[in-house]
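Structural overview
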Amino acid sequence: ELLDVLSAVPFRPGKPTFVIAHTHKGHPISFMSNNVAWHHRVPDPAEFQQALTELEAAGRPRFERETV
């Protein structure tokens, strides 16, 4: 939904635009969900893999890290 909204920006050229998203921090990852520590914490490799596994189980598409 965010991609659809953001692809329509700006709504009115020359005027500020904002989007209010009613989200849940870390959802649907079990150990990140509604845990404020994840606003600044970086997952270690094992946590990262667990998060990817949980995202796949929730039906989220897997992404590959880009090498820059």
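Above this note sits the structure.
About the criteria used
- Residues numbered from 1 in each chain as written.
- Predicted model: local features only at pLDDT ≥ 70, side-chain atom pairs only at ≥ 80, totals over all residues.
- Heavy atoms only, no water.
- Helix = DSSP H or I, 4+ residues; strand = E, 2+ residues; numbered from the N terminus.
- Buried < 20%, exposed > 50% of the residue type's maximum accessible area, 1.4 Å probe, protein only.
- Areas by Shrake-Rupley, 256 points an atom, 1.4 Å probe, with all protein chains shown as cover.
- Expected span 1.5 Å × (residues − 1).
- Arc of directions from axis to C-beta.
- Polar contact = N/O pair within 3.5 Å; in protein donor to acceptor, adjacent residues only side chain to side chain.

In terms of helices and strands, the protein carries two helices and zero strands. Relative to its 68 residues, the protein shows a buried fraction of 10%. For the protein, the accessible surface area stands at approximately 6100 Å², while carbon and sulfur atoms represent 57% of it.

Attention now goes to helix 2 (residues 45-57). An ideal rise of 1.5 Å per residue puts 18 Å on 13 residues; helix 2 measures up with 18 Å between its terminal C-alpha atoms. Considered for burial, the residues of helix 2 that qualify are Glu 47, Ala 51, Leu 52 and Glu 54. On an axial view of helix 2, the arc spanned by its buried residues comes to 165°, and they lie on one face. The exposed set on the far side of helix 2, more than 90 degrees from its buried face, consists of Pro 45, Ala 46 and Ala 57. Of the residues that open helix 2, the one with a side-chain oxygen 3.0 Å from the backbone nitrogen of Ala 46 is Asp 44. Positive backbone phi, at 85°, marks Gly 59, one or two positions downstream of helix 2.

Remember, this is a structural readout, not a statement about activity or role.
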